[in-house]
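Breakdown of the fold
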Amino acid sequence: MLFCLKRSLNEALKSCFSLSNRSREAVLEALASTVSRDPTAYPYQFQDDPYLSPRTSTEFKLFSLSQESGRSAAKYIVNNNPKLFTKDFAEPHIPCLMPETVSLRLEEVSEEALKERITLRKVTAAVDMYDQLLQAGTTVSMETTHSLLDLICLYSDRDPVQDGEPQTDDAEFGEELKKRKARVRRASDFLKFTWKENNNAERIFNLLPERDTRCYSALIRGMVKHGAYAKAFSMYTDMLNNRLTADVHIFNALISAAPDVRDKFNERWDLVAELLNQMNQQKVRPDLLTFNSVLKALRRCGFLAKTQALHTLNEMKALGIAPSLASYDHILAVFYKSASSAQNNTDLLQEVIAELEGRIFTCQDPDDVLFFSSAMRICLDSKDLELGYKIQSLVDVGENWRLLGDSFQQSIYYGRFFNLLCMMEHIDVVLKWYKQIIPSLYYPNPQGMRDLLQALDTDSRLDLLPSIWKDIKTLGHDNKPDLVEELLSLMAREKHSSEVQESFAACALDVKSVFDLRPSIEWSAASLSHITTLLLRANKTRQAWEMLQLFKSRNRVPSEGLLNNFLSVCHSDGDSQKAVQLVQLSAAFCLPTTWRLAKRALAEFELTEEQRAILSELETAGEPSD
Amino acid sequence: MAASLSSIGNVRVLSALAWSSSLCSFSGSRGLHVTVSCCKNRAARIRVGKGDKPVTYEQAHHPHHIGHRKGWLSQHTSNLKGEDGAAERTVEDVFIRRFMFGTFHGCLANEIVIKRRGNLLNVCAVMLQKLPPQKFYFLIGYTESLLSHFYKCPVKLEIQTLQDKIVYKYL
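Residues numbered from 1 in each chain as written. Chains lettered and ligands numbered in written order. Predicted model: local features only at pLDDT ≥ 70, side-chain atom pairs only at ≥ 80, totals over all residues. Heavy atoms only, no water.

Residues and elements named next belong to chain A. With numbering aligned to this structure, UniProt lists the feature "repeat: PPR" (unreviewed entry) at residues 212-246 and 287-323. Each end of residues 212-246 is marked by a C-alpha atom, and these two atoms are 10 Å apart; helix forms 74% of the span and strand 0%. End-to-end, the C-alpha atoms of residues 287-323 are 10 Å apart, and along that stretch the chain is 70% helix and 0% strand. (UniProt positions renumbered as here; feature names shortened; annotations may be inferred. Helix = DSSP H or I, 4+ residues; strand = E, 2+ residues; numbered from the N terminus.)

Spelled out as structure tokens, the structure:
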């Protein structure tokens, strides 16, 4: 227990009491800082029970999602029966444990009712209420109109998905998807809506007697969010014609939409530069997101990107805006195009990491979470282990682990890190990291396990293979025949000392029992041969014999070497009956080596007349005629 | 009871008179208290039968063994001197036990232990592995959330699973 104290308790408490205005949680924080992460614990969101803890990444997702859906089921019941949950025991009052108003209370046509619908995010109801108000002749205040426009543009005039109702696809949505060819299609694409022509947002906008910057802002940002890029730009020109100045959000949206409205690299950059100039003219101060959109747009500007990216960084420095992780991510993407081995120098990345060393980050841009996995990819491509360690130590600083993203991003990062370790590091260090990050932070996929096997092979630690097999079973990869075959071939390749051989044989029997449980898995001839060889080496002749019978039932042919091996074992056992059966088996498979086996058997074994007769027949039958 | 009528002891006299009058009106009578029959000698005991009824450790020991051979199923401080709310805690416990029994129907291996630590309500249960883990997690998320909203305090479930019920003896 003492070994896992990161700082000594005395130190921690001293630092806590030395602060003059300490927060109420100072002592707790000091105690918490002495304990480091426990790599053997189950993830905290799950129950502390082996049956209920996830063992693969699919199980992790499944269990967290089912727990979450249980919670939403409870929330549904609470919100739909508010009268049962109103008794308030809590002192002081806890607002988040009270039922929420989900249904509308105000039915009359008034601005209050409109505001209520906006807060409850009921888009269609809000639009109806607004229309009713206009028909009744009441004027709606500017502020409420702004929030209404914001609401409609955010959800693109559709109600946000409630309780899992499936949204119907429209034809234009399918077309939009085809246009986004460069991006990998993910599930989140299907949840995005497209901007319909003449939808309610535009209609209400056109009906407004006076439109100010915020109205334009809502429309433009909504259009960019939902893919109507050209319209966004025309709306912007409209706004300029009406002699209004834009705000920083409009510029951010337009800059990020620039690569989608121009096709050539230099045209794209010219458009971005022009927007920045106009921003300057209108005296709008750029912020971090502006520069991040510029860098993101530069990723799609080809050859111009490298010089302009560095210029952009200088601009940021001149304005005193500190770059966030997303900025660095875009710069790395610009300078390290994927998988081109010409970029073997990692100087830029080293500079970036040196700059970021020891800093604590907060998330300022949604793209911040992509930094660590891209950085690790670069280290992996250029096989730079030192840099990989530096990145990992950066993740360990404070709460930076939060910036590793969701579980998918996290698994990519750790997968690449583990890959790098297996390639470059000594096996002891690899195993130390293995114990630390698997399975508490990362569930390796079959490729990851293969890397580990490779590393074990390189450093000749094949005696650890049975324990790796146990881990493969726990991770649920025992149904992947390629991985299992590789494991078996590594075990069967050479002879080892007798205890190791014993453990290998036990492992082979385990593999066999696992395969027996799954009738749908196709055995390969190689796997069967390896298992038989391992059993023979550990003198488990009876089980090896059963394996040979399996060959027939699974329609696989044993190899010559295997049968020769078997014959030698039979010879050392002195079992002539088995030898004869072996030769007969070989004949049943119509193997070309039958006659050689028969010859060997006749020569080496003491046989009865009957056996001799059988064998001579087989020998002559198969012997090639000269 | 001799009552002195001096002016100094007026208050005491009056109170003494009041007391004696109340005593006098009921002198010679005894109160009769009636309750529903409690059957304290039959509570929580499984009677010895033919020998085919499996019984857990909890069920096999009678209530007078609590504190000696059994622990408490419900742990809170309202039974200590000067603390109040014992009745409310008991009613809450009864509701929670029924709720858990119904929600995790057929999965409970033993009685539920309810612990209260500060604001937190900790429900500890031993379950049988009758449902796949994702269904367990659905029910766990649902129970925690619903009970938290109901009792306005954080409710945490601690579940352990077993293959079958542990039988202590057969009665």
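The next subject is helix 4 (residues 111-119) of chain A. Residues and elements named next belong to chain A. Those residues of helix 4 lying buried are A113, L114, E116, R117 and I118. At its buried positions, helix 4 is contacted by helix 5 (123-136) and helix 6 (142-154). Phi turns positive, to about 60°, at R121, one or two residues after helix 4. (Buried < 20%, exposed > 50% of the residue type's maximum accessible area, 1.4 Å probe, protein only. Contact = heavy atoms within 4.5 Å.)

This brings us to the nonpolar core. A:F371 and A:F372 are the most contacted members of the largest nonpolar core, which totals 197 residues. Discounting chain neighbours no more than four positions away, the residues touching A:F371 are A:L325, A:Y328, A:D329, A:L332, A:V352, A:I353 and A:L356. (Core = buried A, V, L, I, M, F, W, Y, C linked by side-chain atoms within 4.5 Å.)

What follows covers the confidence of the model for chain B. Residues and elements named next belong to chain B. In the predicted model, chain B carries a mean pLDDT of 86, and the fraction of residues at 70 or more is 84%. Here residues 1-11 is modelled with pLDDT under 50, and outside its nearest four sequence neighbours on either side it reaches two contacts, counting other chains as well. Two numbers describe this predicted complex: its pTM, 0.79, and its ipTM, 0.78. (pLDDT = per-residue confidence, 0-100.)

Contacts between the two partners involve 28 residues from chain A, matched on the other side by 25 residues from chain B. The junction of chain A with chain B conceals about 2,400 Å² of combined surface from both sides, 67% of it contributed by carbon and sulfur atoms. The largest share of the area that chain A buries against chain B comes from A:Q47, A:Y51 and A:L97, three residues that together contribute 28% of it. There are zero salt bridges connecting chain A and chain B. Counting across the chain A and chain B interface gives nine residue pairs in polar contact (both at pLDDT 80 or more). The residue inventory of the side of chain A that touches chain B, partitioned by class, reads 17 nonpolar, six polar and five charged. (Buried area = accessible area lost by both parts, 1.4 Å probe. Salt bridge = Lys/Arg side-chain N within 4 Å of Asp/Glu carboxyl O. Polar contact = N/O pair within 3.5 Å; in protein donor to acceptor, adjacent residues only side chain to side chain. Nonpolar A, V, L, I, M, F, W, Y, C, P; charged D, E, K, R; others polar.)

Moving on to the pairing of strand 4 (residues 120-128) of chain B. Residue and element names in this part refer to chain B. By the criterion of burial, strand 4 is predominantly enclosed, with seven of the nine residues buried. Pairing of strand 3 (residues 113-117) with strand 4, which is carried by five bridges, proceeds in the antiparallel orientation. Bridge pairing links R117 to L120 in strand 4. Between strand 3 and strand 4, which pair antiparallel in sequence order, lie two residues; one of them, G118, sits at a positive phi of approximately 60°. In the classification by handedness, the crossover that spans strand 4, the intervening helix 4 (residues 133-151) and the parallel strand 5 (residues 155-162) is right-handed. (Pairing = 2+ DSSP bridges. Right-handed = clockwise from strand over helix to strand, strands pointing away.)

With that settled, the discussion passes to a negative patch on the surface. Taken together, the side chains of A:D263, A:E267, A:D270 and A:E274 present a region of like negative charge at the surface. Taking the relative accessible area as the measure of exposure, A:D263 reaches 68% and is therefore exposed. (Patch = residues over 30% accessible without salt bridge, like charges linked within 9 Å, V, L, I, M, F, W, Y side chains within 5 Å. Areas by Shrake-Rupley, 256 points an atom, 1.4 Å probe, with all protein chains shown as cover. Lys, Arg positive; Asp, Glu negative; His and termini not counted. Charge placed at Lys NZ, Arg CZ, Asp CG, Glu CD.)

Next up on the list: the side chain of B:H61. Residues and elements named next belong to chain B. Mapped onto the fold, H61 is located in the loop between helix 2 (57-60) and strand 2 (74-75). According to the relative accessible area criterion, H61 is buried, its value standing at 6%. Only 3.0 Å separates the side chain of H61 from the backbone oxygen of Y57, close enough to count as a polar contact. Look past the residues within four positions of H61 in its chain and what remains in contact with it is A44, R69, K70 and Y168.

Pairs may arise between side chains of opposite charge once their charged atoms sit close together. Residue and element names in this part refer to chain A. Using the criterion set out here, one finds 25 salt bridges over all chains in the structure. With its nearest N and O atoms 2.8 Å apart, the salt bridge here joins R493 to D457. Here D457 lies in helix 22 (residues 446-458) and R493 lies in the loop between helix 24 (481-492) and helix 25 (498-517), a separation of 36 residues in the sequence. One salt bridge connects R518 with D478, and the closest N-O pair in it is separated by 3.1 Å. With R518 in the loop between helix 25 and helix 26 (525-537) and D478 in the loop between helix 23 (465-475) and helix 24, the pair connects residues that are 40 residues apart, well separated along the chain. Assessed through its relative accessible area of 28%, R518 is described here as partly exposed.

A few words on unusual backbone geometry. Residue and element names in this part refer to chain A. With omega at 5°, the peptide bond leading from E91 into P92 counts as cis. Structurally, the position occupied by P92 is in the loop between helix 3 (57-80) and helix 4. Look at R121: it is not a glycine, yet its phi comes out positive at around 60°. Residue position: R121 is located in the loop between helix 4 and helix 5.

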